[in-house]
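Breakdown of the fold
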Amino acid sequence: MIPYGRQQIDDDDIAAVVDVLKSDWLTTGPKVSEFERAVAEFVGAEHAVAVNSGTAALHAMMAALNIGRDDEVIVPTLTFAATANSVVYQGGTPVFADVDPETLLICPDSVERLITSRTRAIVAVDYAGQPCDYTRLKQIADRHQLTLLSDGCHALGASWHDCRVGSIARMTSFSFHPVKPVTTGEGGMVTTNDAELATRMRVFRNHGIVTDARQREEQGTWFYQMQSLGFNYRISDVQCALGIRQMQKLPGWIDRRNQIADRYDRYLGAVADLTLLKRNCGHRHGFHLYVVRVAGGRRNQVFQTLRENGVGVNVHYVPVHLHPFYQERFGTRAGICPEAEAAFDEILSLPVHPGLTTEQQDTVIQQLTQALAGRHSRAA
Ligand SMILES: Cc1ncc(COP(=O)(O)O)c(C=O)c1O
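Residues numbered from 1 in each chain as written. Predicted model: local features only at pLDDT ≥ 70, side-chain atom pairs only at ≥ 80, totals over all residues.

1. Digging into the domain arrangement of the protein
One frequently used descriptor of interface size is the decrease in accessible area upon assembly of the parts. Parsing the protein into structural domains produces domain 1 (11–246) and domain 2 (250–373). The straight-line distance from the C-alpha centre of domain 1 to that of domain 2 is 25 Å. When residues of the side of domain 1 that touches domain 2 are traced back to their parent elements, those giving at least two are helix 4 (81–89), strand 3 (93–97) and strand 6 (159–160). Residues belonging to the side of domain 1 that touches domain 2 are distributed by class as follows: 16 nonpolar, 11 polar and 3 charged. (Domains from an automatic or database assignment. Helix = DSSP H or I, 4+ residues; strand = E, 2+ residues; numbered from the N terminus. Nonpolar A, V, L, I, M, F, W, Y, C, P; charged D, E, K, R; others polar.)

See below:
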């Protein structure tokens, strides 16, 4: 099966991990801060707080903002459930915005319509790796005195004008799951220019305890105090050693993802019943995903045919407001986000990752065009 996404691990990555395994610090050690510095410098942010998943990063952002029971946070519905779940962890209410049908990014007009006296923040999700319309989102946030957050889990390495994702919103979350732009196995990070928010997130990832084990060792003390309720969201040095190495390769990987996407655009642009997503001008897309829309109610059939022929296509995402949990807990229902719901019937993610060879991409293109034309070839 040609996977839709896959990690790239080389011998240097493995050697870096082995070095840490032989060292004194497997967690809360020097590799954590080194990885944080590498990501902060890369995106152009002053602070970075590493945690053990993208979900933990989102939760830490919500906690740092003190999102609570009376608060609403606007999130796009076409995202992974974790974006909205992070609001629910804090007792808040996620409010689902629709997406632009051409880009599938959060629609600023939809956001504006959903603002109430309880709204505290807007989460921009850079779906597939394409930066959102931050110009409009910032204007809306400023006008209504809301905090603009970014779920950049798809978009490490993408840029909006001259700013890298991670330096645009007040806080940005990243994920280092294996299919993401760089991986630590599992892992996440928040970047911000706000020192106070960064401190709150460091405490939050460590049970609400103000000092971590290494700081106590350096200070020669055993005493610690828990001043707020936190979690164990710490990431290990083993993972961070891998992340540091991966960051060095990220620019080349983003170039390769863009090359693959350009080639899909070239070969698939004129295929009947297929619509490519629009790319906004002046930005650097990260192409975590390459998503097309299959018209005529044939997406599921095309999905099935491609899977049977060794092409690992996928669907990103079930609109979050349609999940039974959200329907039951928050009364969301079909019809509230018509563009996302229409897109959900049509979207298909094609393989895109730095290790995808040109021959594999040719196979994907050939299998997809054959499936759309109704000419299926069975796998050998
Ligand atoms: C948009 C988005 N947000 C959040 C997450 C959660 O990240 P993680 O799997 O690292 O917890 C993901 C992961 O798939 C994602 O795609």
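2. Considerations on the sheet that holds strand 13 (residues 347–350)
Within the open sheet, the 3 strands sit side by side as 10-12-13. Their pairing is antiparallel. At either margin of the open sheet sits one strand with a lone partner, and together these are strand 10 (274–276) and strand 13. When strand polarity is set aside, the average angle formed by the axes of neighbouring strands in this sheet is 35°. Alignment of strand 10 against strand 12 (residues 290–294), held across 3 bridges, turns out to be antiparallel. Bridging across to strand 12, T275 finds its partner in R293. (Pairing = 2+ DSSP bridges. Axes fitted to C-alpha atoms, helices over the stretch in contact; angles between N-to-C directions.)

3. A word on the packing of helix 10 (residues 299–308) against helix 13 (residues 358–373)
One can describe the packing of helix 10 onto helix 13 by two numbers: an axis separation of 10 Å at closest approach and a directional angle of 135°. Between helix 10 and helix 13, the interaxial angle falls into the category oblique. The handedness of the crossing between helix 10 and helix 13 comes out as right-handed. Residues V302, T305 and L306 of helix 10 touch helix 13, and the partners they reach there are Q367, L368, A371 and L372. A class-by-class count of the residues in the contact of helix 10 with helix 13 yields 5 nonpolar, 2 polar and no charged. (Parallel < 35°, antiparallel > 145°, perpendicular 65-115°, else oblique. Left-handed = near helix turned anticlockwise from the far one by under 90°. Contact = placed C-beta atoms within 7 Å.)

4. Some remarks on the nonpolar core
Membership of the largest hydrophobic core comes to 113 residues, with the highest contact counts inside it found for A60, M61, I122 and A124. Not counting residues within four places of it along the chain, the set of residues in contact with M61 comprises L149, M171, S173 and V190. (Core = buried A, V, L, I, M, F, W, Y, C linked by C-beta atoms within 7 Å. Buried ≥ 20, exposed ≤ 12 C-beta atoms within 10 Å, placed from the backbone.)

5. Focus: the site of the ligand
The local shell around the ligand holds 15 residues, among which S53, G54, T55, C153 and S175 are the closest. Breaking the shell around the ligand down by element, the ones donating at least two residues are helix 3 (54–64) and helix 4. The greatest single-element share of the shell around the ligand, amounting to 3 residues, is contributed by helix 3. Residues belonging to the shell around the ligand are distributed by class as follows: 5 nonpolar, 9 polar and 1 charged. (Near = placed C-beta within 6 Å.)

6. Things to note about helix 2 (residues 30–43)
Taking 1.5 Å per residue, 14 residues should reach 20 Å; helix 2 reaches 20 Å between its end C-alpha atoms and fits that length. A positive backbone phi angle near 85° is found at G44, which sits one or two residues after helix 2. (Expected span 1.5 Å × (residues − 1).)

7. Some points on the pairing of strand 12
Among the 5 residues in strand 12, 4 count as buried, and that is most of the element. Where strand 12 meets strand 13, 4 bridges bridge the pair, whose relative direction is antiparallel. Within the sheet, the bridge partner assigned to Y290 lies in strand 13 and is L350.

8. Digging into the pairing of strand 2 (residues 72–76)
Among the 5 residues in strand 2, 5 count as buried, and that is most of the element. Pairing between strand 2 and strand 3: 5 bridges, direction parallel. Looking at the pairing, V75 lines up with F96 of strand 3. Sheet analysis places strand 2 next to strand 4 (residues 119–125), joined by 3 bridges and oriented parallel. Residue pairing in the sheet places V73 in a bridge with A121 of strand 4.

9. Section: helix 4
For helix 4, the set of buried residues is A82, T83, A84, S86 and V87. Buried residues in helix 4 make contact with helix 3, strand 2, strand 3, strand 4 and strand 5 (147–151). After helix 4 finishes, the residue G91 shows a positive phi value of roughly 90°.

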